[in-house]
Amino acid sequence: MTAVAPAAKPNVTEAHHQALARATECIAPTWPLDRWIAVNPWWGLRDLPIEEAEERLAGRAGVTLTMPAAFYRQAWESGRIRPEDLREAIALCDSPLEEASLTSRLERPDPPPRQRASAWELAARDAGHVQSTGHDPFEPVAELCAGYFDHHQQRWTAEADETLYGWWRTQTRHDRRMNAARRRRVETLPPDATDARAVLLEALALSPEGLEALAHALLLRVNGWASWCQGLAWHTPDAARHAGIDELMVVLLAWEWLGLDALEAPGRRRWQAQWESSPPSRADRAELWCWQCAFELGYQRRLSAALARPPSPRQEPAQVQAAFCIDVRSERLRRHLEGASPEMATLGVAGFFGMPITHVAAGPERALPRVPGLLTPGYRTEEAPPLAPLHRRRYRQEARRQSVRHAKYHALSTFTLVETTGLAWGWKLLKDSRRRPAPATATPSLEGPFHAYGGEPLALEERVALARGLLDSLGPGAVVAPLLVLVGHDSASDNNPHHAGLTCGACGGQGGGVNARLAARLLNDREVRRGLAERGVALPATTHVLAATHCTLTDRVTLLDTDAVPEALAPLLGRFEQALERAGQATREERATALGVAATGDEERLAALRQRGGDWSQPRPEWGLANNAALLLAPRAVSRGLDLEGRVFLHEYDPQRDPDGRMLEALMTAPMLVASWINLQYFASVVAPSLYGAGNKLLHSVVGGHVGVIEGNSPQLRIGLPLQSLHDGTAWRHEPQRLTVVVDAPRERIEAVLARQADVARLVDHGWLWLCRRTDAGLERYRSGRWVAT
């Protein structure tokens, strides 16, 4: 192939550039390890029905979005899927098949998807290379990304910084693993990425449709790095200008252009023909989707039966109301807390408590947002500096620990750190091997300033607006008890790059203690209370607001700032602490079996759980949000006393207090989307682990400081959840199923939200989640514009 001219010819049209844009939009973002959030990896495909999205992914990446037939066969034989579930699935899927033919499908092996090949993959086949040997022709591109992001850590503000394409062009033309002819080819490309893209589009000579398919497939060959580059535009815009997904797209097009050099003329014609054609649909995929639907309906059948009972109103006014995060791990503790004392009531709310902040720690760590990843922090808080000698000593100790942690995560640290520190590091490994208990979660001080990003302290009007937003999310008039406790959550584990994913699956991987303390401070502020009363949202004058943190590793709750509780409430506070202790014991006992903790008494059980977090070799300190399955938007009376198995996100919603549907719309566009992202991240990591899972924790190395992990010797960035977070070595601990959203509201109100919110409607109409409403008889499901009883 001769060198291309340094300018595009007229047959590269605007449609080609739009095709590239559509391809890049198909890739979902990912976040840094220390700000990790669960992401719907198919967010960019939400305009398509889930089955059609699978067809694209099968042809472009060789993955499917259902489990193997053996999985459904086991569920069928065990009774997890019942005949009535299968019959209902046949009707919902408009399948012409009968039960007998569907069950016979489970006896046949799963044929692999027909994946279209890149030029490099065609060349490898022509050369007789066997793909199963682990040969990855895109490793050089992944290696380039790993080197670039290691080299450019946190340096994105200077315009002189080299772009990702510029880095590739410089590195590749000096790469001695490539022959001289290919290096000369690289030198013919323009130094500017935009000019190079025009040249490459001309050389590849595909239609816009073929180009879109190829571009998406190339991005999926380095899916982890593509997701990281996409994420830069969401969380690090300065970096996106240098190394966003458009820069990576040009690199991949150039790599494919080089790959075409390895093909003879027939091979190049074969390459072009496959991208210009559509892969055939597979009938067996409809069969397996029918089984997946039946699997999910089986869960909905049980949930419907549980929710069909009449609501359970309280018999006496609550003395303590504890507002927990909607995280599924809160469900067990809430249930046991209410069972421990009739004085206790719980509420469900988003665990950042309406405080969209970036928190600046007094220690050496960088400022981190404490807000759901889909939101932008609007305010900034600062931790008080350590003044006392004891605090200064702890600060220095934390600084040393962070220095070691950063050294461990540096690109050159895999073996170098141990080799250079010698016996000193060996002694640390020996001490860590003794499985020290994990330290208790600490919540930073908030004595420092709280201000907007402009630097000015918050005006009273802004503070009142923040406080009102929190109270609205709890439900107007919902707070009636003398003591309101805002319970954030956190986790504790050592030597765990994915620690942030256990801390919180939504709020940037940060604990909720800071947000809870800030919200409590605002709600206790007399000026703020007067402002709330003037706006018709009055808190009882006798109510005191307290903050707390729930450690999801041990299920212990730490109360914060108890010295500010009025003396008259001291006896009530004592009873609350006792109820928390009993609830924690019951919750630990309930969780112990799933974690393999065989201790007989609570003290042993608690010690065993703490040791799991402190054991640097423990790949699964806790199960996190594994097995999440549903979101319930309803008053607590609907779910009080029900054992929902720690699988349901619970958010407070009272339809009687929301006649215009304003609050429902807020819930369906924020908590519902967050819960769906978490659910589909877990789903994807199980059904397509090669593309969307993080692989084996035992082989992980951190790359780029906080960028992510690679597995073994491969430079491919692994996103999603590690295998150990989903599987116990014998069986899956997460059932892969799409989120079931249950709303306690009139049909018309729900439909009005769908009419106004296009993204929510797409998720529902295209099968990315199930939308149901609670009735006295159980659930009715929204499907194709109609409500049908389950």
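Residues numbered from 1 in each chain as written. Predicted model: local features only at pLDDT ≥ 70, side-chain atom pairs only at ≥ 80, totals over all residues. Heavy atoms only, no water.

A few points about the overall build of the chain
Filter applied, for reference: Only DSSP runs of H or I covering at least 4 residues are called helices, and only runs of E covering at least 2 are called strands; the numbering of each starts at the N terminus. Exposure is judged per residue with a 1.4 Å probe applied to protein chains only, and the accessible area is read against the type maximum: over 50% gives exposed, under 20% gives buried, and values in between give partly exposed. Using the Shrake-Rupley algorithm and a 1.4 Å probe, accessible areas are obtained, with residue cover drawn only from the displayed protein chains.
A tally of helices and strands in the chain yields 32 helices and 18 strands. Evaluated residue by residue, the chain yields a buried proportion of 56% over its 790 residues. For the chain, the exposed area adds up to about 32,800 Å²; of that, 52% sits on carbon and sulfur atoms.

Overview of the pattern of salt bridges
Counted only if it meets this: The term salt bridge refers to a side-chain nitrogen of Lys or Arg lying within 4 Å of a carboxyl oxygen of Asp or Glu.
In total, this model carries 49 salt bridges according to the counting rule given. Between Arg46 and Asp759 there is a salt bridge whose closest N-O contact spans 2.9 Å. Of this pair, Arg46 sits in the loop between helix H1 (14-25) and helix H2 (50-61) while Asp759 is found in helix H32 (residues 758-765), placing the two residues 713 residues apart along the sequence. Taking the relative accessible area as the measure of exposure, Arg46 reaches 19% and is therefore buried. The class for Asp759 is partly exposed, based on a relative accessible area of 26%. When salt bridges that share partners are traced, they join Glu331, Arg332, Arg335, Glu590 and Asp643 into one network.

Regarding unusual backbone geometry
Non-glycine residue Phe353 carries a positive phi angle of around 55°. Within the chain, Ser784 stands out as a residue other than glycine whose phi angle is a positive 55°. Within the secondary structure, Ser784 is located in the loop between strand E17 (778-783) and strand E18 (786-789).

Notes on the sheet that holds strand E7 (residues 483-490)
Basically, it comes down to this: Any two strands are treated as partners once DSSP identifies two or more bridges connecting them. What counts as an axis is a line fitted to C-alpha atoms, over the stretch in contact for a helix, and the angles between N-to-C directions run from 0 to 180 degrees.
Strand order in the open sheet formed by 5 strands is E2-E1-E7-E8-E9, and the pairing between neighbours is mixed. Each edge of the sheet is formed by a strand with only one pairing partner; in this case those strands are strand E2 (344-349) and strand E9 (556-560). The mean inter-strand angle of the sheet, taken between neighbouring strand axes irrespective of direction, is 30°. The pairing of E7 with strand E8 (residues 544-551) spans 8 bridges and is parallel.

Some remarks on the nonpolar core
Grouped burial of nonpolar side chains is what soluble globular proteins tend to show. To keep things clear, this is the line we draw: Working definition of a nonpolar core: buried Ala, Val, Leu, Ile, Met, Phe, Trp, Tyr and Cys residues. They are joined through side-chain atoms within 4.5 Å. Two residues qualify as a contact provided that any one of their heavy atoms is within 4.5 Å of a heavy atom in the partner residue.
Grouped together as the largest cluster of nonpolar side chains are 156 residues, with contacts concentrated most on Trp42, Phe149, Trp168, Trp225, Leu248, Trp271 and Met668. The residues touching Trp168, leaving out its near neighbours within four places in the chain, are Leu144, Val186, Leu189, Val251, Ala254, Trp255 and Leu258.

Points about the side chain of Arg612
Note the threshold: Within this scheme the basic residues Lys and Arg register as positive and the acidic residues Asp and Glu register as negative, but His and the chain ends are omitted. Distance and chemistry together define a polar contact, namely a pair of N or O atoms within 3.5 Å, with one atom able to donate a hydrogen and the other to accept it when in protein, and with adjacent residues in sequence counting only for side-chain atoms on both sides.
Relative to the assigned elements, Arg612 resides in helix H26 (residues 602-614). For the buried Arg612, which has no salt bridge, the nearest side chain bearing the opposite charge is Asp615, at an N-O separation of 7.9 Å. Among the polar contacts made by the side chain of Arg612, one reaches the main-chain carbonyl oxygen of Pro621 at a distance of 3.3 Å. When neighbours within four sequence positions are excluded, Arg612 is seen to be in contact with Leu595, Val597, Gln618, Arg620 and Pro621.

Description of the pairing of strand E10 (residues 630-634)
Regular strands have side chains that alternate between both faces of the sheet. When you tally the buried positions in E10, you get 5 out of 5 residues, the bulk of the element. Burial of E10 is two-sided: the residues Ala630, Leu632 and Ala634 facing one way and the residues Leu631 and Leu633 facing the other way are all buried. Looking at chain direction, E10 and strand E15 (residues 740-743) are connected through 4 bridges and run parallel. Considered in E15, the bridge of Leu633 is made with Val743.

Examining the sheet that holds strand E13 (residues 708-711)
As summarised here, the arrangement of the 3 strands in space is E12-E13-E14, forming an open sheet in which the pairing is antiparallel. The open sheet has two free edges, formed respectively by strand E12 (700-703) and strand E14 (717-718), since each of these has just one partner strand. By the bridge criterion, 2 bridges tie E13 to E14 in an arrangement that is antiparallel. Bridging across to E14, Ile710 finds its partner in Leu717.

Description of the state of the cysteines
Spelled out, the test is: Criterion for a disulfide: a pair of cysteine sulfur atoms within 2.5 Å.
If you walk through the whole model with that rule in mind, you get 0 disulfides. In this structure Cys229 is a free cysteine whose sulfur lies 5.4 Å from that of Cys145, the closest cysteine sulfur available.

Regarding the confidence of the model for the chain
So the rule is basically this: A residue's pLDDT is the predictor's confidence in that residue, given on a scale from 0 to 100.
Summary statistics for the chain give a mean pLDDT of 88 and a share of 87% for residues scoring 70 or more. Segment residues 1-10 is flagged for pLDDT under 50; beyond a separation of four residues in sequence, or across chains, it makes 17 contacts in the model.

Description of the environment of Thr558
Inspection of the secondary structure puts Thr558 in strand E9. Counting along the chain gives 11 residues from Thr558 to Ala547, while the straight-line C-alpha distance between them is 8.8 Å. Those residues within four positions of Thr558 in sequence are excluded, and the remaining contacts are Ala547, Ala548 and Thr549.

A look at the packing of aromatic side chains
For any two aromatic rings, the description comes down to two numbers: the centre-to-centre distance and the angle of the planes. Going by this rule: The pairing test for Phe, Tyr and Trp rings, Trp by its six-membered ring, is centres within 6.5 Å, and the orientation test on the planes gives stacked under 30 degrees, edge-to-face over 60, and tilted for anything in between. Working rule: Lys NZ or Arg CZ, within 6 Å of ring centre, within 35 degrees of ring normal, means a charge sits over the ring.
Tallying each qualifying case throughout the model produces 16 aromatic pairs. Ring geometry for Phe149 and Trp225: centres 5.6 Å apart, planes at 5°, overall stacked. Remark: Trp225 occurs in helix H12 (residues 223-235) and Phe149 occurs in helix H7 (residues 139-151); sequence separation between them is 76 residues. By relative accessible area, which is 1% here, Phe149 ends up buried. Members of the aromatic cluster, each reached through a chain of ring pairs, are Tyr148, Phe149, Trp167, Trp225 and Trp228. The cationic tip of Arg46 hangs over the ring face of Trp43; the distance from NZ or CZ to the ring centre is 4.1 Å.

Some points on helix H11 (residues 208-221)
Basically, it comes down to this: For a helix, the expected span equals 1.5 Å multiplied by the residue count minus one.
Over its 14 residues, H11 extends 20 Å from the first C-alpha to the last, a length consistent with the 20 Å expected when each residue adds 1.5 Å. Among the 14 residues in H11, 13 count as buried, and that is most of the element.

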